Amino acid sequence: MDMQTASSTQTSPQAQSPDPGAWTLEKAQALYHAPFNNLLFLAQTVHRQNFDPNKVQLSRLLSIKTGGCPEDCGYCSQSARHETGLKASKLMEVRRVIAEATKARDAGATRYCMGAAWRNPKARDMDAVVAMVEGVKALGMETCMTLGMLDLEQAARLKQAGLDYYNHNIDTSERYYSEIISTRGYAERLDTLEQVRRSGIKVCCGGIVGMGEDPVDRIDMLVTLANLPEPPESVPINMLIPIAGTPLAEAKPIEPIEFVRVIALARIMMPKSHVRLSAGRTAMTDEMQALSFFAGANSIFVGDTLLTADNPGEDKDSLLFRRLGIEPMELEAQ
Ligand code: SF4
């Protein structure tokens, strides 16, 4: 990537074929801090080279096991260590999960994501989660799970059941990670990502911004992702929803323009990935979402709730899509 190009006023699309796997922090920083219009023009150019710019993929997320998690992630309402008033539940029954997935498919979602608040799945849980993957897959949807840390054997079992994606976020930079979570380390995150890759499951991995981190942490997180042996196929970028009772309840919100810069940088650094505008959309204006789509975001979660947090209703999303001329991406097109 030619930084001169990114910061010049005459940005030429031809000069900008990205350079996967070779990102340095300096290179990424220069882009992130480039004049906003140049950054957005470059991101949109890269986006158009790889995707239909007016199609956005719709995913639906279901909490299959809520709360009571032994981990201490500072942003999370589901940690048993934070007083958030959330009631913990048991693992949902398989048939209920399939019924919910059927409704989501009929409403247009093409990917079904199932999340459990665990440090890692126990051996006794594996039969049920495998049955969920098989059942959702049989509906003709893509399947995704987030269950915490996995070993290679568990990952291989999920792959065999038909799991398409595994979500495991690195959340922030390696430097800032210990400020947010103390019950596990960055290396453990990367290890699970490696087991997922080795088993042949596609990777969904991103992070959260607005946790009091510096811009360099956001940039470094994207450098880590872009430099993985294979960048994640899905990159969720979450904007923190501060939750009362968590250590990050009073975190200073990220400024919208900064947020859009993160999306644009993710698009440029991981040109072929789906960049997902994930949690935090209820706190975004329509204009901020529109700018994020322009910057290269091309996936969202639909549905009224995201695990335990609010999400814009489907009516609001369809209206925004209509106003922007955006259409849902079909499964074949992904
Ligand atoms: S983010 Fe996941 S691992 Fe961390 S406390 Fe919440 S449910 Fe547990």
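Residues numbered from 1 in each chain as written. Predicted model: local features only at pLDDT ≥ 70, side-chain atom pairs only at ≥ 80, totals over all residues. Heavy atoms only, no water.

Another aspect to go through is the environment of Pro231. Inspection of the secondary structure puts Pro231 in the loop between α9 (215-226) and β7 (234-239). The sequence separation of Pro231 and Ile241 amounts to ten residues, and the corresponding C-alpha distance is 26 Å. (Helix = DSSP H or I, 4+ residues; strand = E, 2+ residues; numbered from the N terminus.)

For the rest of this paragraph, the subject is unusual backbone geometry. Phi is positive for Asp171, close to 70°, though the residue is something other than glycine. Tracing the backbone through its elements, the reader meets Asp171 in the loop between β4 (165-167) and α7 (174-180).

Take the packing of helix α2 (residues 25-32) against helix α10 (residues 256-269) next. Direction vectors running N to C along α2 and α10 enclose 130°, while the axes themselves pass 10 Å from each other. With respect to each other, α2 and α10 are oriented oblique. Here α2 runs over α10; the crossing is right-handed. Residues Ala28, Leu31 and Tyr32 of α2 form the contact with α10, whose participating residues are Glu258, Arg261, Val262, Leu265, Ile268 and Met269. (Axes fitted to C-alpha atoms, helices over the stretch in contact; angles between N-to-C directions. Parallel < 35°, antiparallel > 145°, perpendicular 65-115°, else oblique. Left-handed = near helix turned anticlockwise from the far one by under 90°. Contact = heavy atoms within 4.5 Å.)

Most of strand β2 (residues 111-116) is tucked away: six of the six residues are buried. Here β2 shows two buried faces, one formed by Arg111, Cys113 and Gly115 and the other by Tyr112, Met114 and Ala116. As paired elements, strand β1 (residues 55-65) and β2 share six bridges and run parallel to each other. Opposite Ser59, over in β2, you have Arg111 as the bridge partner. Crossover handedness for the path β1 to helix α4 (residues 94-106) to β2: right-handed. Read as a crossover between parallel neighbours, the route from β2 over helix α5 (residues 126-137) to strand β3 (residues 142-146) is right-handed. (Buried < 20%, exposed > 50% of the residue type's maximum accessible area, 1.4 Å probe, protein only. Pairing = 2+ DSSP bridges. Right-handed = clockwise from strand over helix to strand, strands pointing away.)

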